[in-house]
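As a plain string of letters, each chain reads:
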Amino acid sequence: MRRAWVRELLGWVTALGASLVIAAQVAASARSELLFRDGDSLIVAMFARSALSGEHLDWAMSSVLFLPESAVFAALSSITHADLNALLAVNAVVNLLAIYGAARLAAGARRAGASPVAWSLVALAVFGALACTETSPSRDALELASLQLTTTYYSSTVVAVLVVIGLLRRWLDGPGSWSLAVISPVAVVATLSNPLFAAWATVPLTLLLAIGAARPGMRRRMLLAIGILVASTVVGFLARIPFAAWIANTGAGYAQPERWRESIAYYGELLAERLTTPLGVLGALLVLALVALAVVRTVRATSAGERLVAAAGWMLPVIVAVGAIALGTHAARYLEPVVFAPLLALVAAPRTVRMPQPVGLIAIALVVIAGVSSVPRLSAAAHAPDADLRCVTDWVNASGRTGGGQFWTVRLPKAHVGDPSQLVQVDHRLNGYAWLVNRTDFDHGSVSFLVEDSQTVQWELPASAVPEQIVQCGRYSILDYGADSLPVGPAHS
């Protein structure tokens, strides 16, 4: 028992070292734009800051509420009191550690002839390798593994799917019912926060369990698991009702089945673009190898739990990809199961691979040393100087006035200024843009300056609106109207 405890602890320490290496490598690439500066990527940080400040919360969210992500970020903020970019970097490491923990759960309980800790570490390393092949600054690229390092792009949903699969394995492999009981709160919270959980987990896993119910002696267990998973998902949807005022878009409009041909073309173009670089080809081959391994492990499975995990490794990507096209979707992030589910092939049958103990300890030591050595690199990426941003935030903080800006322009300065409500999110006609923002900002009613950059749509303002001065801040410009105030129109999402 003592050796098992030590082995688990060493697994987490090694996973921490590996997570630091992965996070530092991704942050040092052009992908840092997505980690630290993307307009969407900042929603969790902004919401957590708003919640911790004690101000009135009247947020306009998307169909995703980001509740687990915000709770983690708020906890990190309370513990470390670090600056925003440092918190985003730490959160990236935590999200990778969560992948290890979920993989360890899916690998099953300790047993003779198995090395679940080692294979869970291999799964994390492979996932990290995939993330490191992704170097585009675009949120729309088919580079899905590195999205797990952000606080926004469904990181908690990814972990919840893997955790539910791991809990189902424990239920099918073991005599106890604790794992089945834990599935319910995980599924409820995951669905409450992000309806995609139903598409990524509930639908495909229900299908897998229903197929497994045809096997002799497994019907009761499989049907009970289906009942709990489906019922918990329904409860999660019902739990969203009290948050209806916060949900500016239910997501129903994203489903456009009549556009399935356009969806094929869209995802096909993203795949073709991904395959234009050697790293992209390497990443694609790695995913295909994992899917093939998952199929082999499914055929050779010796237990119901092993079979479920292995089958999920290839069926989830297939079902989700087909479903995304059938619904006519146009967002790469919806296909994230294509890169994280195949990891299950590595932990479905974590059979022991013998190696001399000193070799294993040396490998652990090297990973930990590499992780520690990566901290300065990760910190440097998080604190890369941005004189243009500093110019804007300093000017806004010193002005003491309220200004405005369009979504893709104003999000980053808004996240970094002393008082985020000083920057009101507006559209090009100066109407309030209530999207991923606290609607209390619109109580100001007017703004006296506008922030713009290359992403700003041409303003449509009254002819009398002429700025007194234009403050140049590199890629940003501040149109200062001085004592004159520009009224902010009615808000919309």
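Predicted, not measured: the structure shown is a model, and the values here were computed from it. Within any chain, residue numbers begin from 1 and follow the written order of that chain's sequence. The predicted origin of the model limits local features to residues at a pLDDT of at least 70 and limits the giving and counting of side-chain atom pairs to 80 or more, whereas totals for whole chains, interfaces and linings rest on all residues. The basis for the side-chain values is all heavy atoms of the structure; hydrogens and waters are excluded.

Novice: I'd love a proper account of the packing of helix 7 (residues 155–173) against helix 10 (residues 219–239), names of residues and values included.
Specialist: Working note: a packed helix pair is described by the angle between its axes plus the distance between those axes. With their axes 11 Å apart at the nearest point, helix 7 and helix 10 run at an angle of 150 degrees to one another. Relative to helix 10, helix 7 is oriented roughly antiparallel. Crossing hand, helix 7 versus helix 10: right-handed. Each of Val164, Leu168, Trp171 and Leu172 in helix 7 lies in contact with helix 10, whose residues at this interface are Arg221, Met222, Leu224, Ala225 and Leu229. Each residue receives one of three labels: charged for Asp, Glu, Lys and Arg, nonpolar for Ala, Val, Leu, Ile, Met, Phe, Trp, Tyr, Cys and Pro, and polar for the others, Gly being one of them. The residue inventory of the contact of helix 7 with helix 10, partitioned by class, reads 8 nonpolar, no polar and 1 charged. Axes, fitted as lines to C-alpha atoms, cover a helix only where it is in contact. Angles between the N-to-C directions of the axes lie from 0 to 180 degrees. Under the DSSP-based scheme used, a helix requires at least four consecutive residues in state H or I and a strand at least two consecutive residues in state E, with every element numbered from the N terminus. Any angle from 65 to 115 degrees is called roughly perpendicular, while one under 35 is roughly parallel, one over 145 is roughly antiparallel, and all others are oblique. Crossing chirality is assigned from the near helix's rotation relative to the far helix, an anticlockwise turn below a right angle marking it left-handed and a clockwise turn marking it right-handed. Only heavy atoms enter the contact rule, under which two residues are in contact if any of them lie within 4.5 Å.

Novice: Could you give an account of the nonpolar core, naming the residues involved and the relevant values?
Specialist: Only buried Ala, Val, Leu, Ile, Met, Phe, Trp, Tyr and Cys residues count toward a nonpolar core, and they belong to the same one when joined by side-chain atoms within 4.5 Å. Throughout this description, buried means an accessible area under 20% of the type-specific maximum (1.4 Å probe, protein chains only), exposed means over 50%, and partly exposed covers the range between. Residues Phe197 and Leu205 are the most contacted members of the largest nonpolar core, which totals 135 residues. Broken down by element, the residue count for this core peaks at 14 residues, all from helix 5 (residues 84–106). Here this core spans two domains, since at least three of its residues come from each of domain 1 (1–372) and domain 2 (388–487). Note that domain bounds follow an automatic or database assignment of domains.

Novice: Describe the state of the cysteines, naming the residues involved and giving the relevant values.
Specialist: For this text, the term disulfide refers to a pair of cysteine sulfurs within 2.5 Å. Using the criterion set out here, one finds 1 disulfide in the structure. Bridging Cys391 to Cys473, the disulfide has an S-S length of 2.0 Å. On the S-S bond that ties Cys391 to Cys473, the torsion sits near -55 degrees, and the link is left-handed. One end of the pair, Cys391, is in helix 17 (residues 387–399); the other, Cys473, is in strand 8 (residues 469–473), with 82 residues separating them in the sequence. Using a relative accessible area of 28% as the deciding quantity, one classes Cys391 as partly exposed. When its relative accessible area of 2% is taken as the criterion, Cys473 is described as buried.

Novice: Give me the lowdown on the packing of aromatic side chains, citing residues and values where you can.
Specialist: Only Phe, Tyr and Trp rings are paired, with Trp represented by its six-membered ring, and only when their centres lie within 6.5 Å; those with planes under 30 degrees apart are stacked, over 60 edge-to-face, the remainder tilted. For the structure on display, the rule yields 10 aromatic pairs. Geometrically, the ring pair formed by Trp12 and Tyr100 is edge-to-face, given 4.9 Å between the ring centres and 85 degrees between the ring planes. One end of the pair, Trp12, is in helix 1 (residues 2–27); the other, Tyr100, is in helix 5, with 88 residues separating them in the sequence. For the pair Phe407 and Tyr433, a centre-to-centre distance of 6.1 Å together with 85 degrees between the ring planes defines the contact as edge-to-face. Taken together, the residues span a long stretch of sequence, with Phe407 in helix 18 (residues 407–416) and Tyr433 in strand 4 (residues 431–433) at a distance of 26 residues.

Novice: Could you give an account of the pairing of strand 7 (residues 449–452), with specific residues and numbers?
Specialist: Summarising the sheet, strand 2 (residues 403–405) and strand 7 pair through 2 bridges and their orientation is parallel. If you follow Gly405 over to strand 7, its bridge partner there is Val451. Where strand 7 meets strand 9 (residues 476–480), 4 bridges bridge the pair, whose relative direction is antiparallel. Looking across to strand 9, one finds that Glu452 is bridged to Ser477. Note on pairing: two strands pair once DSSP finds at least 2 bridges between them.

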